Amino acid sequence: MKSRKSLPVTANTVSRRGEGPHPIDIHVGARLRLRRTLLGLSQEKLGEAVGITFQQLQKYERGANRISASRLYHLAQVLDVPVGFFFEDMPIGQPAAEGARVVQLPTETDEFESMAKRETLELVRAYYRIGDPNVRRRAFELIKALGGERDDED
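Fair warning: this is a prediction, and the values are worked out from it, not measured in the lab. (Residues numbered from 1 in each chain as written. Predicted model: local features only at pLDDT ≥ 70, side-chain atom pairs only at ≥ 80, totals over all residues. Heavy atoms only, no water.)

A.B. asks: What's the story with the pattern of salt bridges in this structure? I'm lost.
C.D. replies: Side chains carrying opposite charge are able to pair once their charged atoms draw close together. Applying the stated criterion across every chain yields a total of 6 salt bridges. Its salt-bridge partner being R36, residue E61 comes within 2.6 Å of it at the nearest N-O pair. Here E61 is found in helix 3 (residues 54-62), whereas its partner R36 is found in helix 1 (residues 23-38), with 25 residues between them in sequence. Of the two residues, E61 and R36, both sit in the buried class. Residue R137 is joined to E141 by a salt bridge in which the shortest nitrogen-to-oxygen separation is 2.9 Å. With R137 and E141 both in helix 7 (residues 133-146) and 4 residues apart, the pair spans about one turn of that helix. We classify E141 as partly exposed; its relative accessible area is 25%. Several salt bridges converge on common partners, so that one network encompasses R31, E88 and D89. (Salt bridge = Lys/Arg side-chain N within 4 Å of Asp/Glu carboxyl O. Helix = DSSP H or I, 4+ residues; strand = E, 2+ residues; numbered from the N terminus. Buried < 20%, exposed > 50% of the residue type's maximum accessible area, 1.4 Å probe, protein only.)

A.B. asks: What's the story with the packing of helix 2 (residues 43-50) against helix 3 in this structure? I'm lost.
C.D. replies: Helix packing for two helices is described by the angle between their axes and how far apart those axes are. Following both chains from N to C, one finds helix 2 and helix 3 inclined at 100°, their axes separated by 8 Å at the closest point. For the element pair helix 2 / helix 3, the angle class is roughly perpendicular. Together, Q43, E44, L46 and G47 of helix 2 and F54, L57, Q58 and E61 of helix 3 make up the contact between the two elements. (Axes fitted to C-alpha atoms, helices over the stretch in contact; angles between N-to-C directions. Parallel < 35°, antiparallel > 145°, perpendicular 65-115°, else oblique. Contact = heavy atoms within 4.5 Å.)

A.B. asks: It is not clear to me how the side chain of D25 should be interpreted in this structure. Could you clarify?
C.D. replies: Within the secondary structure layout, D25 lies in helix 1. On the accessibility criterion, D25 (16% relative accessible area) is buried. For D25, the contacting residues outside a window of four places in its chain are Y60, G63 and R66.

As C-alpha cells, then:
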C-alpha cells in the first residue's frame, strides 16, 4: 500500500477532495456579495431573511460552500433579482460538463467592476434612501442626463 503525502490545508479553502472551491461557486458568491452590498444589507440581515447564519452566508459569498437551487431561488427573491443574475458576467473559460456545448456570450466585466467600487455603492445606497418616489425618479433622470443618456421613452 502506497502512502500519500498530505499537503497543508487551510480551513474553508479546499473541498473534501482537495480541489478547492469551484470557480462558478466563487463567481456566484461574488455576485451574491455584490447585490447584498448594493442594497446595503449586512450578512446578518440577509441571513435572517433566508433563515441561515451569517457564517453560512460568508461561506456562500466566498464560494467555500455551494448554494442549493432552492436556496439560490430564495436569495434571488429576497434580493429582488432573477436567478440568472448570479450567473451574469461569468468569466469565459469555465470548465464545461463533458459533452456540453459552450456558447460564449459577451461579458460586461467593466460594468461589473464599476459596480463594486465604493463610490457606486454609496450612490446606490443614497438613491434608495430617497423616500419620495417622485424625487427618486427625478434624481434618476438627472443622473442619466448628466451622464449623456437621453430619455426617449416619454
